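As a plain string of letters, each chain reads:
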Amino acid sequence: MKIKLGTILLILSLFLTACNIGVDPKEHLGEIYSVALDTIMEKDEALSSDMKFIAIDMSNFEDGLSEKDKKDILIFFKDKYKVDVMDVTFEELKEKGFYDPDKMSLTGVLLRIEKIDFKWNHNVFFEGSKYRSGLGAIGMEGTVHYTDGTWQLKESKETWIS
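Everything numeric in this text was worked out from a predicted model, so none of it was measured.

Peer 1: For this particular structure, what's the right way to read the environment of V23?
Peer 2: Secondary-structure assignment places V23 in the loop between α1 (2–20) and α2 (29–42). Considering only alpha carbons, one finds V23 and Y146, 123 residues apart in sequence, at a separation of 8.0 Å. For V23, the contacting residues outside a window of four places in its chain are H28, H122, Y146 and W151.

Below, the structure written as structure tokens:
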């Protein structure tokens, strides 16, 4: 009886340990944010037409995101979209003259991640937005999943549009 109980406990502990071994999403924040932000960027291409810049508001990103990760995100977007990319808030864009109050619009787009939630099984849920003007913006939510050695979009959907 003791052998059976010991065997069951050993198998159970190995099973639980195996479930916990793997990738810690908080060690890959740069890649996760890049996938989430690029998913938002690719939606509603009309908002991106003739854009002069991409602004990414990183002011509420997880504390674990390093300065190198932030720089890598900016470089990724600059290389992919061939426009200036900056880490600024909406208020900073207004202060720098990138917001036209008469047209109530930007000459580029502002990407934001409003919420990020680390789920079990290598899933990271996000909510974010892409803003061009009061009448040109979208909200999205999605899940980034770790598979085959990389973080990839698992699913996404638009949650609102203006």
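Peer 1: Help me understand the environment of R132, please; the structure alone is not making it clear to me.
Peer 2: Secondary-structure assignment places R132 in strand β5 (residues 123–133). Overall, R132 belongs to the buried group, its relative accessible area being 14%. Sequence-wise, R132 and Y99 are 33 residues apart; in three dimensions their C-alpha atoms are separated by 9.4 Å. Discounting chain neighbours no more than four positions away, the residues touching R132 are L47, S48, S49, D50, M51, S105, L106, T107, G108 and V109. In this structure the side chain of R132 is engaged in a polar contact, spanning 2.9 Å, whose partner is the backbone oxygen of S49.

Peer 1: Help me out: how do you make sense of the nonpolar core in this one?
Peer 2: One recurring pattern in soluble globular proteins: nonpolar side chains tend to sit buried together. Counting 30 residues, the largest nonpolar core has Y33, L37, I54, I56, F61, I73 and F77 as the members making the most contacts within it. For this core, the secondary-structure elements that each account for two or more residues are α2, β1 (53–57), α3 (67–81), β4 (105–118), β5 and β6 (136–147). Here this core takes eight residues from α2, the largest share from any one element. Once residues lying within four places of it in the same chain are set aside, the contact partners of I56 are L37, F61, I73, L74, F77, V85, M86, D87, V88, L110 and L111.

Peer 1: How do you make sense of a negative patch on the surface when you look at a structure like this?
Peer 2: Residues D87, E91, E92 and E95 make up a contiguous surface patch of negative charge. Ranked by residues supplied to the negative patch, first place goes to helix α4 (residues 90–95) with three residues. Mapped onto the elements of the fold, E92 is located in helix α4.

What counts as what
- Residues numbered from 1 in each chain as written.
- Predicted model: local features only at pLDDT ≥ 70, side-chain atom pairs only at ≥ 80, totals over all residues.
- Heavy atoms only, no water.
- Helix = DSSP H or I, 4+ residues; strand = E, 2+ residues; numbered from the N terminus.
- Contact = heavy atoms within 4.5 Å.
- Buried < 20%, exposed > 50% of the residue type's maximum accessible area, 1.4 Å probe, protein only.
- Polar contact = N/O pair within 3.5 Å; in protein donor to acceptor, adjacent residues only side chain to side chain.
- Core = buried A, V, L, I, M, F, W, Y, C linked by side-chain atoms within 4.5 Å.
- Patch = residues over 30% accessible without salt bridge, like charges linked within 9 Å, V, L, I, M, F, W, Y side chains within 5 Å.
- Areas by Shrake-Rupley, 256 points an atom, 1.4 Å probe, with all protein chains shown as cover.
- Salt bridge = Lys/Arg side-chain N within 4 Å of Asp/Glu carboxyl O.
- Lys, Arg positive; Asp, Glu negative; His and termini not counted.
- Charge placed at Lys NZ, Arg CZ, Asp CG, Glu CD.

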